[in-house]
Amino acid sequence: MVWWFLVPKVVFGEDALDELEQIEGKKAFIVTDKVIAEIGLAEKVQTKLQALNWDVRIWNNAEADPKVSTAKSAAKEMRSFGADWIFAIGGGSVMDAAKAAWVLYANPDMNLEALTPFDSIGVREKAKLVCIPTTAGTGSETTKAIVVREDESGRKFATINSELVADLAILEPEFVKGLPRDLTAYTGMDALTHAVEAYVSMWKNDFSDACARQAIRMVFQWLPKSVDNLEDLEAREKMLVAANLAGMAFSNSQVCLAHSLGHSMGSVLRTQHGLAVGLALPYTIEYSAHDNPETATHYSDLAGMLGIVEKSEEGTARLFAESIRNLQKSIGFPTSIKEAGVTEEEFEKALDKMVEFAMMDSSITMTPRNIGSGEIRRMYEYMFDGKRIDF
Ligand SMILES: NC(=O)c1ccc[n+]([C@@H]2O[C@H](COP(=O)([O-])OP(=O)(O)OC[C@H]3O[C@@H](n4cnc5c(N)ncnc54)[C@H](O)[C@@H]3O)[C@@H](O)[C@H]2O)c1
Ligand SMILES: [Fe+2]
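Residues numbered from 1 in each chain as written. Chains lettered and ligands numbered in written order. Predicted model: local features only at pLDDT ≥ 70, side-chain atom pairs only at ≥ 80, totals over all residues. Heavy atoms only, no water.

**What to know about the nonpolar core**
Working step 1: Grouped together as the largest cluster of nonpolar side chains are 80 residues, with contacts concentrated most on Leu192 and Tyr380.
Working step 2: Once you skip the residues sitting within four places of it in the chain, Tyr380 turns out to touch Ser260, Leu261, Ser264, Met265, Ile337, Phe347, Leu351, Met354, Val355 and Ala358.
Working step 3: Listed in part, the 35 residues of the second largest apolar core include Ala75, Ala83, Val103 and Leu129. (Core = buried A, V, L, I, M, F, W, Y, C linked by side-chain atoms within 4.5 Å. Buried < 20%, exposed > 50% of the residue type's maximum accessible area, 1.4 Å probe, protein only. Contact = heavy atoms within 4.5 Å.)

Dropping the structure here:
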(Lines give C-alpha, C1' and ligand atoms only; values in the text may rest on other atoms or scores of the structure.)
(Ligands and ions follow the chains in the order given, each with its own letter.)
Protein backbone atom coordinates (compact mmCIF):
# COMPACT_ATOMS: atom_id res chain seq x y z
CA MET A 1 0.00 0.00 0.00
CA VAL A 2 1.22 3.52 -0.81
CA TRP A 3 1.12 6.17 1.92
CA TRP A 4 1.70 9.92 1.89
CA PHE A 5 3.09 12.03 4.67
CA LEU A 6 1.68 15.52 4.14
CA VAL A 7 2.79 18.61 6.04
CA PRO A 8 3.01 22.33 5.20
CA LYS A 9 6.16 24.42 5.06
CA VAL A 10 6.79 25.20 8.74
CA VAL A 11 8.73 28.28 9.83
CA PHE A 12 9.46 28.50 13.55
CA GLY A 13 11.28 30.56 16.12
CA GLU A 14 11.77 34.19 17.04
CA ASP A 15 11.08 36.47 14.06
CA ALA A 16 9.38 33.66 12.14
CA LEU A 17 6.87 36.29 11.08
CA ASP A 18 9.49 37.75 8.73
CA GLU A 19 8.59 34.85 6.44
CA LEU A 20 5.64 36.99 5.33
CA GLU A 21 8.13 38.90 3.17
CA GLN A 22 8.59 35.78 1.03
CA ILE A 23 4.93 35.42 0.06
CA GLU A 24 3.75 36.68 -3.30
CA GLY A 25 0.17 37.85 -3.46
CA LYS A 26 -2.12 40.88 -3.51
CA LYS A 27 -5.23 40.39 -1.44
CA ALA A 28 -4.93 39.03 2.09
CA PHE A 29 -8.07 37.94 3.93
CA ILE A 30 -7.33 37.58 7.64
CA VAL A 31 -9.61 35.24 9.59
CA THR A 32 -9.48 35.76 13.34
CA ASP A 33 -11.65 36.23 16.45
CA LYS A 34 -12.50 39.19 18.68
CA VAL A 35 -9.94 38.31 21.38
CA ILE A 36 -7.04 38.04 18.93
CA ALA A 37 -8.12 41.22 17.19
CA GLU A 38 -8.32 43.01 20.55
CA ILE A 39 -4.83 41.99 21.65
CA GLY A 40 -3.43 43.33 18.39
CA LEU A 41 -2.13 40.12 16.80
CA ALA A 42 -4.20 40.41 13.62
CA GLU A 43 -3.19 44.04 13.31
CA LYS A 44 0.47 43.11 13.63
CA VAL A 45 0.17 40.89 10.55
CA GLN A 46 -1.98 43.47 8.76
CA THR A 47 0.63 46.21 9.30
CA LYS A 48 3.41 43.98 8.03
CA LEU A 49 1.44 42.98 4.95
CA GLN A 50 0.36 46.54 4.16
CA ALA A 51 4.00 47.63 4.30
CA LEU A 52 4.57 45.00 1.62
CA ASN A 53 1.77 46.54 -0.51
CA TRP A 54 -0.93 43.98 0.17
CA ASP A 55 -4.59 44.91 0.24
CA VAL A 56 -5.80 43.47 3.59
CA ARG A 57 -9.24 42.74 5.01
CA ILE A 58 -9.74 41.48 8.58
CA TRP A 59 -12.74 39.28 9.41
CA ASN A 60 -12.91 38.71 13.18
CA ASN A 61 -16.14 36.77 13.67
CA ALA A 62 -14.84 33.25 14.35
CA GLU A 63 -16.27 31.77 17.56
CA ALA A 64 -15.08 28.88 19.76
CA ASP A 65 -15.93 25.60 17.98
CA PRO A 66 -17.13 27.39 14.82
CA LYS A 67 -20.47 26.58 13.24
CA VAL A 68 -20.94 25.77 9.56
CA SER A 69 -22.87 29.04 9.16
CA THR A 70 -19.84 30.97 10.48
CA ALA A 71 -17.67 29.43 7.77
CA LYS A 72 -20.33 30.25 5.20
CA SER A 73 -20.38 33.91 6.15
CA ALA A 74 -16.56 34.11 6.06
CA ALA A 75 -16.59 32.48 2.60
CA LYS A 76 -19.09 35.06 1.40
CA GLU A 77 -16.76 37.88 2.52
CA MET A 78 -13.79 36.17 0.87
CA ARG A 79 -15.74 36.10 -2.38
CA SER A 80 -16.75 39.76 -2.23
CA PHE A 81 -13.14 40.75 -1.42
CA GLY A 82 -11.55 38.42 -4.01
CA ALA A 83 -8.89 37.04 -1.61
CA ASP A 84 -5.89 35.29 -3.14
CA TRP A 85 -4.36 34.38 0.26
CA ILE A 86 -6.12 33.51 3.49
CA PHE A 87 -4.33 34.17 6.78
CA ALA A 88 -5.73 32.33 9.81
CA ILE A 89 -4.52 33.96 13.03
CA GLY A 90 -5.86 32.29 16.16
CA GLY A 91 -6.41 29.02 17.94
CA GLY A 92 -7.89 25.86 16.44
CA SER A 93 -11.33 27.45 16.22
CA VAL A 94 -10.09 30.30 14.03
CA MET A 95 -7.94 28.03 11.88
CA ASP A 96 -10.82 25.60 11.38
CA ALA A 97 -13.23 28.42 10.53
CA ALA A 98 -10.68 29.65 7.96
CA LYS A 99 -10.14 26.19 6.48
CA ALA A 100 -13.87 25.49 6.27
CA ALA A 101 -14.46 28.90 4.68
CA TRP A 102 -11.65 28.17 2.21
CA VAL A 103 -13.48 25.01 1.09
CA LEU A 104 -16.73 26.94 0.73
CA TYR A 105 -14.99 29.82 -1.08
CA ALA A 106 -14.01 27.35 -3.81
CA ASN A 107 -17.18 25.20 -3.50
CA PRO A 108 -20.10 27.35 -2.27
CA ASP A 109 -22.63 24.53 -2.15
CA MET A 110 -20.49 21.79 -0.66
CA ASN A 111 -21.75 19.76 2.29
CA LEU A 112 -18.68 19.79 4.55
CA GLU A 113 -19.58 16.57 6.31
CA ALA A 114 -19.82 14.68 3.03
CA LEU A 115 -16.28 15.66 2.06
CA THR A 116 -13.95 12.63 1.89
CA PRO A 117 -10.16 12.56 2.34
CA PHE A 118 -9.51 12.01 -1.36
CA ASP A 119 -12.05 14.33 -3.04
CA SER A 120 -10.61 16.90 -5.38
CA ILE A 121 -11.87 20.27 -4.14
CA GLY A 122 -9.69 22.79 -6.00
CA VAL A 123 -9.20 25.13 -3.03
CA ARG A 124 -5.90 26.46 -4.40
CA GLU A 125 -7.56 27.63 -7.59
CA LYS A 126 -9.07 30.32 -5.36
CA ALA A 127 -6.51 31.03 -2.65
CA LYS A 128 -3.63 29.72 -0.58
CA LEU A 129 -3.53 29.42 3.19
CA VAL A 130 -1.15 30.64 5.89
CA CYS A 131 -1.83 29.62 9.50
CA ILE A 132 -0.36 31.43 12.50
CA PRO A 133 -1.46 29.61 15.68
CA THR A 134 -2.01 31.59 18.88
CA THR A 135 -2.51 28.47 21.02
CA ALA A 136 -0.08 25.56 21.36
CA GLY A 137 -2.41 22.62 21.04
CA THR A 138 -4.55 21.77 18.07
CA GLY A 139 -1.89 21.55 15.36
CA SER A 140 -4.61 22.63 12.91
CA GLU A 141 -1.96 24.77 11.17
CA THR A 142 -0.41 21.56 9.94
CA THR A 143 -3.28 19.09 9.66
CA LYS A 144 -5.66 18.15 6.89
CA ALA A 145 -8.54 18.21 9.37
CA ILE A 146 -11.38 20.63 10.05
CA VAL A 147 -13.67 20.39 13.05
CA VAL A 148 -16.90 22.40 12.88
CA ARG A 149 -20.38 22.28 14.43
CA GLU A 150 -23.71 21.62 12.81
CA ASP A 151 -25.88 24.68 13.35
CA GLU A 152 -29.05 22.95 14.45
CA SER A 153 -27.89 20.10 16.67
CA GLY A 154 -24.62 21.70 17.82
CA ARG A 155 -22.85 18.38 17.02
CA LYS A 156 -19.16 18.74 16.23
CA PHE A 157 -17.86 16.77 13.29
CA ALA A 158 -14.44 16.34 11.74
CA THR A 159 -13.71 16.33 8.04
CA ILE A 160 -10.38 15.49 6.44
CA ASN A 161 -9.05 16.19 2.97
CA SER A 162 -5.48 16.18 1.66
CA GLU A 163 -5.85 19.62 0.07
CA LEU A 164 -6.53 21.19 3.46
CA VAL A 165 -2.91 21.16 4.62
CA ALA A 166 -1.91 24.85 4.81
CA ASP A 167 0.74 26.21 2.44
CA LEU A 168 2.64 27.78 5.29
CA ALA A 169 2.55 27.47 9.08
CA ILE A 170 4.30 30.21 11.05
CA LEU A 171 5.14 29.28 14.65
CA GLU A 172 5.92 32.60 16.30
CA PRO A 173 6.31 32.32 20.11
CA GLU A 174 5.23 35.96 20.63
CA PHE A 175 1.77 34.98 19.38
CA VAL A 176 1.13 32.50 22.21
CA LYS A 177 2.67 34.60 24.98
CA GLY A 178 -0.65 36.05 26.09
CA LEU A 179 -2.50 32.75 26.40
CA PRO A 180 -3.88 32.47 29.96
CA ARG A 181 -2.86 29.66 32.33
CA ASP A 182 -5.98 27.47 32.03
CA LEU A 183 -5.97 27.59 28.21
CA THR A 184 -2.22 26.91 28.17
CA ALA A 185 -2.90 23.73 30.16
CA TYR A 186 -5.98 22.69 28.14
CA THR A 187 -4.43 23.22 24.72
CA GLY A 188 -1.19 21.53 25.79
CA MET A 189 -3.18 18.46 26.81
CA ASP A 190 -4.85 18.48 23.38
CA ALA A 191 -1.37 18.21 21.83
CA LEU A 192 -0.49 15.29 24.11
CA THR A 193 -3.77 13.57 23.23
CA HIS A 194 -3.06 13.93 19.49
CA ALA A 195 0.37 12.38 19.87
CA VAL A 196 -0.72 9.46 22.07
CA GLU A 197 -3.74 8.69 19.91
CA ALA A 198 -1.70 8.90 16.69
CA TYR A 199 0.66 6.33 18.19
CA VAL A 200 -2.06 3.70 18.71
CA SER A 201 -4.52 4.48 15.92
CA MET A 202 -5.24 1.90 13.23
CA TRP A 203 -3.37 4.06 10.66
CA LYS A 204 -0.17 4.54 12.67
CA ASN A 205 3.00 4.43 10.58
CA ASP A 206 6.73 5.03 11.04
CA PHE A 207 6.57 8.73 10.14
CA SER A 208 3.66 9.51 12.46
CA ASP A 209 5.31 7.44 15.22
CA ALA A 210 8.49 9.52 15.05
CA CYS A 211 6.57 12.80 15.33
CA ALA A 212 4.34 11.44 18.10
CA ARG A 213 7.23 10.23 20.26
CA GLN A 214 9.08 13.55 20.09
CA ALA A 215 5.87 15.49 20.77
CA ILE A 216 5.14 13.39 23.88
CA ARG A 217 8.67 13.87 25.24
CA MET A 218 8.39 17.61 24.68
CA VAL A 219 4.96 17.98 26.29
CA PHE A 220 6.12 16.20 29.46
CA GLN A 221 9.19 18.41 29.58
CA TRP A 222 7.80 21.81 28.56
CA LEU A 223 4.10 21.98 29.41
CA PRO A 224 4.66 22.30 33.19
CA LYS A 225 7.21 25.05 32.52
CA SER A 226 4.78 26.87 30.19
CA VAL A 227 2.04 26.76 32.81
CA ASP A 228 4.34 27.72 35.74
CA ASN A 229 5.75 30.76 33.99
CA LEU A 230 3.55 32.15 31.25
CA GLU A 231 6.36 34.49 30.20
CA ASP A 232 8.83 31.65 29.54
CA LEU A 233 9.27 32.14 25.80
CA GLU A 234 11.51 29.10 25.42
CA ALA A 235 8.80 26.88 26.91
CA ARG A 236 6.18 28.60 24.73
CA GLU A 237 8.23 27.94 21.61
CA LYS A 238 8.85 24.31 22.54
CA MET A 239 5.11 23.78 23.12
CA LEU A 240 4.30 25.34 19.73
CA VAL A 241 6.72 22.87 18.14
CA ALA A 242 5.36 19.96 20.19
CA ALA A 243 1.79 20.80 19.16
CA ASN A 244 2.85 21.03 15.53
CA LEU A 245 4.65 17.68 15.66
CA ALA A 246 1.60 16.14 17.32
CA GLY A 247 -0.51 17.62 14.52
CA MET A 248 1.81 16.09 11.91
CA ALA A 249 1.52 12.77 13.71
CA PHE A 250 -2.25 12.60 13.89
CA SER A 251 -2.92 14.21 10.52
CA ASN A 252 -0.96 11.37 8.95
CA SER A 253 -2.30 8.67 11.29
CA GLN A 254 -5.57 9.55 13.05
CA VAL A 255 -6.99 10.33 16.45
CA CYS A 256 -9.36 7.91 18.12
CA LEU A 257 -11.52 7.31 21.18
CA ALA A 258 -10.48 10.28 23.37
CA HIS A 259 -11.49 12.55 20.50
CA SER A 260 -14.87 10.88 20.00
CA LEU A 261 -15.59 11.26 23.71
CA GLY A 262 -14.14 14.79 23.77
CA HIS A 263 -15.90 16.11 20.66
CA SER A 264 -19.20 14.94 22.11
CA MET A 265 -18.56 16.55 25.48
CA GLY A 266 -17.63 19.70 23.62
CA SER A 267 -20.86 19.55 21.61
CA VAL A 268 -23.24 18.93 24.51
CA LEU A 269 -21.57 20.38 27.62
CA ARG A 270 -19.56 23.01 25.67
CA THR A 271 -16.37 21.88 27.41
CA GLN A 272 -13.22 23.43 25.90
CA HIS A 273 -11.70 21.00 23.38
CA GLY A 274 -8.33 20.36 25.08
CA LEU A 275 -10.01 20.00 28.46
CA ALA A 276 -12.47 17.42 27.11
CA VAL A 277 -10.03 15.25 25.14
CA GLY A 278 -7.24 15.53 27.72
CA LEU A 279 -9.60 14.46 30.46
CA ALA A 280 -10.71 11.44 28.43
CA LEU A 281 -7.18 10.37 27.46
CA PRO A 282 -6.06 8.27 30.48
CA TYR A 283 -9.44 6.50 30.61
CA THR A 284 -9.21 5.59 26.92
CA ILE A 285 -5.69 4.22 27.45
CA GLU A 286 -6.98 1.93 30.21
CA TYR A 287 -9.84 0.80 27.98
CA SER A 288 -7.83 0.34 24.78
CA ALA A 289 -4.99 -1.60 26.46
CA HIS A 290 -7.30 -4.06 28.23
CA ASP A 291 -6.92 -7.63 26.89
CA ASN A 292 -5.41 -6.06 23.78
CA PRO A 293 -1.70 -7.02 23.73
CA GLU A 294 -0.68 -5.22 20.53
CA THR A 295 -2.04 -1.88 21.68
CA ALA A 296 -0.71 -2.39 25.21
CA THR A 297 2.74 -2.81 23.63
CA HIS A 298 2.42 0.55 21.87
CA TYR A 299 1.52 2.31 25.11
CA SER A 300 4.32 0.57 26.97
CA ASP A 301 6.76 1.77 24.28
CA LEU A 302 5.69 5.30 25.14
CA ALA A 303 5.87 4.59 28.85
CA GLY A 304 9.42 3.26 28.38
CA MET A 305 10.41 6.60 26.93
CA LEU A 306 9.40 8.17 30.26
CA GLY A 307 11.23 5.50 32.26
CA ILE A 308 8.07 3.62 33.29
CA VAL A 309 8.31 -0.19 33.36
CA GLU A 310 6.04 -2.83 34.89
CA LYS A 311 5.90 -6.62 34.56
CA SER A 312 3.01 -6.83 32.13
CA GLU A 313 2.50 -4.58 29.14
CA GLU A 314 -1.09 -3.84 30.14
CA GLY A 315 0.20 -2.93 33.60
CA THR A 316 2.76 -0.60 32.02
CA ALA A 317 0.02 0.99 29.89
CA ARG A 318 -2.00 1.62 33.06
CA LEU A 319 1.01 3.26 34.70
CA PHE A 320 1.39 5.40 31.58
CA ALA A 321 -2.24 6.53 32.01
CA GLU A 322 -1.44 7.33 35.64
CA SER A 323 1.62 9.35 34.65
CA ILE A 324 -0.65 11.46 32.42
CA ARG A 325 -2.97 12.04 35.39
CA ASN A 326 0.05 13.09 37.46
CA LEU A 327 1.09 15.55 34.74
CA GLN A 328 -2.48 16.87 34.72
CA LYS A 329 -2.51 17.35 38.50
CA SER A 330 0.83 19.16 38.33
CA ILE A 331 -0.61 21.76 35.92
CA GLY A 332 -3.98 22.19 37.67
CA PHE A 333 -5.88 20.24 35.01
CA PRO A 334 -9.02 18.34 36.17
CA THR A 335 -8.87 14.55 36.14
CA SER A 336 -12.63 13.94 36.30
CA ILE A 337 -15.70 15.54 34.74
CA LYS A 338 -16.87 16.44 38.24
CA GLU A 339 -13.59 18.25 38.91
CA ALA A 340 -14.09 20.13 35.64
CA GLY A 341 -17.08 21.82 37.30
CA VAL A 342 -19.95 19.83 35.73
CA THR A 343 -22.72 19.06 38.25
CA GLU A 344 -24.32 15.62 38.52
CA GLU A 345 -27.59 17.05 37.23
CA GLU A 346 -25.95 18.62 34.17
CA PHE A 347 -24.06 15.40 33.50
CA GLU A 348 -27.17 13.18 33.73
CA LYS A 349 -29.05 15.50 31.41
CA ALA A 350 -26.22 15.48 28.84
CA LEU A 351 -25.31 11.78 28.95
CA ASP A 352 -27.70 10.30 26.34
CA LYS A 353 -26.77 12.92 23.75
CA MET A 354 -23.05 12.55 24.47
CA VAL A 355 -23.25 8.78 23.93
CA GLU A 356 -25.22 9.26 20.71
CA PHE A 357 -22.78 11.86 19.33
CA ALA A 358 -19.69 9.88 20.37
CA MET A 359 -20.96 6.86 18.42
CA MET A 360 -21.43 9.10 15.35
CA ASP A 361 -17.97 10.68 15.60
CA SER A 362 -15.59 9.63 12.83
CA SER A 363 -12.60 9.30 15.22
CA ILE A 364 -14.20 6.26 16.82
CA THR A 365 -13.44 4.12 13.77
CA MET A 366 -9.68 4.34 14.35
CA THR A 367 -9.87 3.17 17.97
CA PRO A 368 -7.72 0.05 18.42
CA ARG A 369 -10.36 -1.84 20.46
CA ASN A 370 -14.01 -2.27 19.52
CA ILE A 371 -16.46 -0.21 21.50
CA GLY A 372 -20.25 0.11 21.61
CA SER A 373 -22.67 2.58 23.12
CA GLY A 374 -22.93 0.62 26.42
CA GLU A 375 -19.19 0.91 27.02
CA ILE A 376 -19.17 4.57 25.97
CA ARG A 377 -21.84 5.31 28.57
CA ARG A 378 -19.89 3.47 31.27
CA MET A 379 -16.70 5.30 30.31
CA TYR A 380 -18.42 8.67 30.73
CA GLU A 381 -19.78 7.54 34.11
CA TYR A 382 -16.29 6.50 35.25
CA MET A 383 -14.88 9.77 33.92
CA PHE A 384 -17.46 11.73 35.88
CA ASP A 385 -16.35 10.17 39.17
CA GLY A 386 -12.66 9.79 38.34
CA LYS A 387 -12.79 5.96 38.58
CA ARG A 388 -10.12 3.91 36.81
CA ILE A 389 -11.49 1.86 33.89
CA ASP A 390 -11.77 -1.85 34.81
CA PHE A 391 -13.59 -3.32 31.79
N1 LIG B 1 -8.41 20.88 12.64
C2 LIG B 1 -7.71 20.22 13.51
O3 LIG B 1 -6.76 19.54 13.14
C4 LIG B 1 -8.05 20.34 14.95
C5 LIG B 1 -7.32 19.62 15.90
C6 LIG B 1 -7.66 19.75 17.23
C7 LIG B 1 -8.69 20.60 17.62
N8 LIG B 1 -9.40 21.27 16.69
C9 LIG B 1 -10.49 22.18 17.06
O10 LIG B 1 -9.92 23.40 17.52
C11 LIG B 1 -10.81 24.01 18.46
C12 LIG B 1 -10.08 24.37 19.73
O13 LIG B 1 -9.02 25.24 19.47
P14 LIG B 1 -8.10 25.80 20.65
O15 LIG B 1 -7.97 24.76 21.69
O16 LIG B 1 -6.89 26.33 20.03
O17 LIG B 1 -8.98 26.93 21.29
P18 LIG B 1 -9.83 28.11 20.60
O19 LIG B 1 -9.28 28.45 19.27
O20 LIG B 1 -11.27 27.74 20.68
O21 LIG B 1 -9.52 29.32 21.58
C22 LIG B 1 -9.98 29.29 22.91
C23 LIG B 1 -10.03 30.71 23.47
O24 LIG B 1 -8.71 31.22 23.60
C25 LIG B 1 -8.60 32.51 23.02
N26 LIG B 1 -7.22 32.68 22.58
C27 LIG B 1 -6.60 32.04 21.55
N28 LIG B 1 -5.32 32.43 21.49
C29 LIG B 1 -5.12 33.33 22.48
C30 LIG B 1 -3.98 34.11 22.90
N31 LIG B 1 -2.79 33.98 22.32
N32 LIG B 1 -4.14 34.94 23.95
C33 LIG B 1 -5.34 35.04 24.58
N34 LIG B 1 -6.45 34.34 24.23
C35 LIG B 1 -6.33 33.49 23.17
C36 LIG B 1 -9.62 32.47 21.90
O37 LIG B 1 -10.01 33.77 21.53
C38 LIG B 1 -10.76 31.69 22.54
O39 LIG B 1 -11.54 32.52 23.32
C40 LIG B 1 -11.91 23.02 18.71
O41 LIG B 1 -13.06 23.37 17.97
C42 LIG B 1 -11.34 21.71 18.20
O43 LIG B 1 -12.32 20.80 17.82
C44 LIG B 1 -9.08 21.16 15.38
FE1 LIG C 1 -7.70 17.60 19.49
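**Some points on the site of ligand 1**
Working step 1: If you check the shell around ligand 1, you find 29 residues, and the closest are Asp33, Asp65, Ser93, Thr135 and Thr143.
Working step 2: Ser93 places a polar side-chain atom, nitrogen or oxygen, 2.6 Å from an oxygen atom of ligand 1.
Working step 3: In the model, a nitrogen atom of ligand 1 is placed 2.9 Å from a nitrogen or oxygen of the Ala145 main chain.
Working step 4: Notes on ligand 1: free accessible area 860 Å², of which the protein chains cover 92%.
Working step 5: Mapped by element, the contributors of at least two residues to the shell around ligand 1 are helix H1 (34–38), helix H4 (92–106), strand E6 (145–149) and helix H5 (181–200).
Working step 6: At 4 residues, H5 tops the list of elements feeding residues into the shell around ligand 1.
Working step 7: The residue makeup of the shell around ligand 1, split by class, is 11 nonpolar, 13 polar and 5 charged.
Working step 8: A domain-level breakdown of the shell around ligand 1 finds at least three residues from each of domain 1 (9–175) and domain 2 (181–385). (Near = heavy atom within 4 Å. Polar contact = N/O pair within 3.5 Å; in protein donor to acceptor, adjacent residues only side chain to side chain. Areas by Shrake-Rupley, 256 points an atom, 1.4 Å probe, with all protein chains shown as cover. Helix = DSSP H or I, 4+ residues; strand = E, 2+ residues; numbered from the N terminus. Nonpolar A, V, L, I, M, F, W, Y, C, P; charged D, E, K, R; others polar. Domains from an automatic or database assignment.)

**Describing the domain arrangement of the chain**
Working step 1: Domain parsing of the chain yields domain 1 (9–175) and domain 2 (181–385).
Working step 2: Each of domain 1 and domain 2 has a C-alpha centre, and these two points are 26 Å apart.
Working step 3: With 28 residues of domain 1 at the contact, the number on the domain 2 side is 27 residues.
Working step 4: Note on domain 1 versus domain 2: buried area summed over both sides is about 2,300 Å², and carbon and sulfur give 60% of it. (Buried area = accessible area lost by both parts, 1.4 Å probe.)

**Some words on the coordination of the iron ion (ligand 2)**
Working step 1: Coordination of the iron ion (ligand 2) by the protein involves Asp190 (OD), His194 (NE2), His259 (NE2) and His273 (NE2), with metal-donor separations of 2.1 to 2.2 Å.
Working step 2: Here the iron ion (ligand 2) is ringed by 4 donor atoms whose angles at the metal span 86 to 160°, and the overall shape comes out irregular.
Working step 3: Of note, the iron ion (ligand 2) draws all its donor residues from one chain, in the sequence arrangement D-x3-H-x64-H-x13-H. Placement of the pair is His194 in helix H5 and His273 in helix H9 (residues 273–289), with a sequence separation of 79 residues.
Working step 4: Residue His273 is classed as buried on the basis of its relative accessible area of 14%. (Donors = N, O, S within 2.8 Å, 3.2 Å for Na, K, Ca; no water. Tetrahedral: all angles 85-135°; square planar, octahedral: opposite > 155°, others 65-115°.)

**Side note on the layout of surface pockets**
Working step 1: Taken as a whole, the second largest pocket spans an internal volume of roughly 310 Å³.
Working step 2: Trp3, Trp4, Phe118, Lys144 and Trp203 are, among the 16 residues lining the second largest pocket, the residues nearest its centre.
Working step 3: Counted by class, the lining of the second largest pocket contains 9 nonpolar, 6 polar and 1 charged residues. (1 Å grid on protein atoms, 1.4 Å probe; cavity = no way out; pocket = protein on both sides within 12 Å on 5 of 7 lines; lining within 4 Å. Points joined across faces, edges and corners; volume = space filled by probe spheres on them.)

**Section: the packing of aromatic side chains**
Working step 1: Applying the stated criterion across every chain, the model contains 8 aromatic pairs.
Working step 2: Here the aromatic rings of Phe347 and Phe384 are separated by 4.6 Å at their centres, their planes lie at 25°, and the arrangement is stacked. Here the residue Phe347 occupies a position in helix H12 (residues 344–360), and Phe384 occupies one in helix H13 (residues 373–385), the gap between them amounting to 37 residues. Here Phe347 matches Phe384 in class, with each residue buried.
Working step 3: An aromatic cluster is built from Trp54, Trp85 and Phe87, whose rings are joined through pairwise contacts. (Phe/Tyr/Trp six-rings, centres within 6.5 Å; stacked < 30°, edge-to-face > 60°.)

**Some details on helix H11 (residues 313–330)**
Working step 1: Taking 1.5 Å per residue as the helical rise, H11 with its 18 residues ought to reach 26 Å, and the 26 Å between its terminal C-alpha atoms agrees with that figure.
Working step 2: Within H11 the residues assigned to the buried category are Gly315, Thr316, Ala317, Phe320, Ala321, Ser323, Ile324, Arg325, Leu327 and Gln328.
Working step 3: Along its buried surface, H11 packs onto H5, helix H6 (206–228), H9 and helix H10 (293–305).
Working step 4: For H11, the side-chain oxygen to backbone nitrogen distance between the N-cap and Gly315 is 2.8 Å, and the N-cap itself is Ser312. (Expected span 1.5 Å × (residues − 1).)

**Topic: the pairing of strand E5 (residues 128–133)**
Working step 1: Across the 6 residues that make up E5, a large majority, 5, are buried.
Working step 2: Across 6 bridges, strand E4 (residues 85–90) lies against E5 in parallel orientation. Its bridge partner being in E5, Trp85 is matched across the sheet by Lys128.
Working step 3: Once you follow E4 into H4 and on to E5, the crossover reads as right-handed.
Working step 4: The sheet contact formed by E5 and strand E8 (residues 168–171) spans 2 bridges and is parallel. Bridge assignment links Cys131 to a residue of E8, and that residue is Ala169. (Pairing = 2+ DSSP bridges. Right-handed = clockwise from strand over helix to strand, strands pointing away.)

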